[in-house]
Amino acid sequence: PVETKTLISSAREIFGTEYGDGFLAQALGFFANDLTKFAQHLFEGALPDELATVDAKQTWAEHWNLKNPSLSGSSKPTLHSNADSFRANASSFVSAQNTAW
């Protein structure tokens, strides 16, 4: 979401590159996108347990995969596998058409 990316950019201005985009997104989500509240807790060393155990270097991709487990991993279709499937179906169709003539 655009709002999340904007908030992450603002957080980068405050914290630099010490924290990954995934960690920042998760933390901002926890604090209902309240950057001031998140910064206050972080500077005071008072992050809630739900965030204290999250890898501070977590990337956006890692964050996304954790939020969308059914869409990540080996079950996620790839462009290559879809292209192979299309070619196989097209080949079967052409063979069937040639046989019919």
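As a reminder, the structure under discussion sits directly above these lines.
The structure reproduced in this document is the subject of the present report. None of these values were measured; they are calculated from a predicted model.

Things to note about the pattern of salt bridges
Consideration 1: With the rule as written, the count across this model stands at one salt bridge.
Consideration 2: Notably, a salt bridge pairs Arg12 with Asp21, separated by 2.5 Å at the nearest N-O pair.
Consideration 3: In this structure Arg12 comes out as partly exposed when scored by relative accessible area, which is 25%.

Some words on unusual backbone geometry
Consideration 1: A positive phi angle, near 55 degrees, is found at Ala32, a position not held by glycine.
Consideration 2: Judged by its relative accessible area of 66%, Ala32 is exposed.
Consideration 3: Backbone geometry at Asn33 places phi at a positive 60 degrees, although glycine is not the residue there.
Consideration 4: As for its placement among the helices and strands, Asn33 is situated in the loop between helix H2 (21-30) and helix H3 (35-43).
Consideration 5: Residue classification places Asn33 among the partly exposed positions, given a relative accessible area of 28%.

Focus on the packing of helix H1 (residues 2-15) against H3
Consideration 1: Between H1 and H3, the least distance of the axes is 11 Å, while the angle of their chain directions is 35 degrees. The handedness of the crossing between H1 and H3 comes out as right-handed. Residues Leu7, Ser10, Ala11, Ile14 and Phe15 of H1 form the contact with H3, whose own contacting residues are Leu35, Phe38, Ala39, Leu42 and Phe43.

Here's the deal with the nonpolar core
Consideration 1: Formed by 17 residues in total, the largest nonpolar core has its most connected members in Phe15, Tyr19, Phe23, Leu24, Leu28, Leu35 and Phe38.
Consideration 2: Broken down by element, the residue count for this core peaks at five residues, all from H2.
Consideration 3: Apart from the residues within four sequence positions on either side, Leu24 is in contact with Ile8, Ala11, Arg12, Phe15, Tyr19 and Phe38.

Observations regarding the environment of Leu51
Consideration 1: Secondary-structure assignment places Leu51 in helix H4 (residues 49-52).
Consideration 2: Along the chain, Leu51 and Leu24 lie 27 residues apart, while their C-alpha atoms are 9.9 Å from each other.
Consideration 3: Ignoring any residue separated from it by four or fewer positions in sequence, one finds Leu51 in contact with Phe23, Gln26, Ala27, Phe30 and Phe31.

Observations regarding the packing of aromatic side chains
Consideration 1: Inspection of every chain in the model, using the stated rule, returns seven aromatic pairs.
Consideration 2: Ring centres of Phe30 and Phe31 lie 5.2 Å apart, and the angle between their planes is 85 degrees; this geometry places the pair in the edge-to-face category.
Consideration 3: Between Phe31 and Phe38, the aromatic rings sit 6.0 Å apart at their centres with planes inclined by 35 degrees, giving tilted as the arrangement.
Consideration 4: Phe31 sits in the buried class, given a relative accessible area of 7%.
Consideration 5: By relative accessible area, which is 0% here, Phe38 ends up buried.
Consideration 6: Lys5 extends its terminal NZ or CZ atom over the ring of Trp60, reaching a point 4.2 Å from the ring centre.

Conventions we followed
- Residues numbered from 1 in each chain as written.
- Predicted model: local features only at pLDDT ≥ 70, side-chain atom pairs only at ≥ 80, totals over all residues.
- Heavy atoms only, no water.
- Salt bridge = Lys/Arg side-chain N within 4 Å of Asp/Glu carboxyl O.
- Buried < 20%, exposed > 50% of the residue type's maximum accessible area, 1.4 Å probe, protein only.
- Helix = DSSP H or I, 4+ residues; strand = E, 2+ residues; numbered from the N terminus.
- Axes fitted to C-alpha atoms, helices over the stretch in contact; angles between N-to-C directions.
- Left-handed = near helix turned anticlockwise from the far one by under 90°.
- Contact = heavy atoms within 4.5 Å.
- Core = buried A, V, L, I, M, F, W, Y, C linked by side-chain atoms within 4.5 Å.
- Phe/Tyr/Trp six-rings, centres within 6.5 Å; stacked < 30°, edge-to-face > 60°.
- Lys NZ or Arg CZ within 6 Å of the ring centre and 35° of its normal.

Purely geometric numbers; function is a separate question.
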